[in-house]
Amino acid sequence: MKKGSDTPLFCCYLVTVCNRPTRQTHIYGSYHLKSLFNKCKKENFMKKIGILGGAGPVGTADIYLRIHDRCVKYSSVTRPNIIIESMPISFANEQQALAGNINKPYFLNLLKKSSQSLEKAGAEVIILPCNTLHCLFQDLKPELSIPSLSIVESVARFLSTQNVKKVGVLATNTTINQNLYGDEFDRVNISVCYPPKALQAQLDEIIFKQVMTPNMQSDQSKILEIESICEQLFQQGCDYIVIACTDLPSINRSNVINAIDTHVDAIFELASLQEAS
C-alpha cells in the first residue's frame, strides 16, 4: 500500500478465540441460502462485502465470523471476500451514544468517510452491524454509490413471515429512544414492546461493560440476565423477542432472534452475484 493512501488496510486480522459465543444459524431463508450456494460452488461467487465496523469491536468481529461461518456451511469452495473499516470512534462520543445522547453530526461524518474508504478499497456491498447507528442509516444511504442493507429492515422482513403481532426489542437507549424498530414494525403491522426502565438500566450496564471491555468469551451470568428479561417480556404478551444489539449475547430459544443473525441471511441474498442465481 502506498504511503498516505486512503484505502483501509485490513489490519485487524481476526484470530481464533477459544470459547467465543455460539453463533446460531437462523432458520429464516436457510432453504433459500442452501439452494443459492448449490448454484454458487465456484470461486468469487459473492460480491466483496464492506463492513462499517468499530461500534463496537465485538460486534464487528462477530458479524465477520457469522458471515464466514454461513459461507463455510453452504459452500466448500472459497471464503468470503470481506473488508473491515474500523471507525476511530472517540470513547466520549461512544459513551454518550450508549446513554441515549448520540452526537449525530459526528457519527454521520464518520460513517460517510468510512463508507468512502470501503468503496475505494473495492467494496461492492456495504453493511453496518451496529443497531444503534442505524438511526443515521437513511441519512447515509444517499451518500453511497453501492448497495447497502438495513439491519432493521432485515429483521422486519423476517418477522413479517412469522405471523406475529407483538415483538419485544432488547437494545441500547438510543435505539429505543429513536424507535427504530417500532417505526419499521409499523410498516408490517407488528407492535413493539420495550423493557421497563429498571430492566433497561440492567441492559444498559451489560452493553456498556461489553463495549468498554470487549470480551469474546461466553458469559453465562449475562445470558441468564438476558433470559430473565426475555421471560418478563413474554409475560407481557410478546410472540418474539429481538436481540437488537451486537453487544448482547444470543439466547438459545426459537422465538428469540439475534438481529445480526437474521441480517447475515439478507446479506448473502444481497451480495450474491447475479450470474450465480
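A brief report on the enclosed structure follows.

What counts as what
Residues numbered from 1 in each chain as written. Predicted model: local features only at pLDDT ≥ 70, side-chain atom pairs only at ≥ 80, totals over all residues. Heavy atoms only, no water. Pairing = 2+ DSSP bridges. Helix = DSSP H or I, 4+ residues; strand = E, 2+ residues; numbered from the N terminus. Axes fitted to C-alpha atoms, helices over the stretch in contact; angles between N-to-C directions. Contact = heavy atoms within 4.5 Å. Buried < 20%, exposed > 50% of the residue type's maximum accessible area, 1.4 Å probe, protein only.

One open sheet accounts for four strands, arranged β6-β5-β7-β8; its pairing is parallel. In this open sheet, the two strands that pair with only one neighbour each are β6 (191-193) and β8 (256-258). Here the strands of the sheet are splayed against their neighbours by 30° on average, with no regard to which way each runs. By the bridge criterion, three bridges tie strand β7 (residues 240-243) to β8 in an arrangement that is parallel. Its bridge partner being in β8, V242 is matched across the sheet by I257. Sheet strands in contact with helix α11 (residues 259-271) are β7 and β8, and its direction is about 60° off that of β8.

Taking burial as the measure, the five residues of strand β1 (residues 49-53) include five buried ones, the bulk of the element. Side chains I49, I51 and G53 project from β1 onto one buried face, and the interleaved G50 and L52 project onto a second face that is buried too. Pairing analysis gives five bridges linking β1 to strand β2 (residues 82-86), with the strands arranged parallel. Residue pairing in the sheet places G50 in a bridge with I83 of β2. When β1 meets strand β3 (residues 125-127), the two strands line up parallel, connected through three bridges. Bridge pairing in β3 links I49 to V125.

Interpretation in functional terms is not warranted from these geometric data alone.
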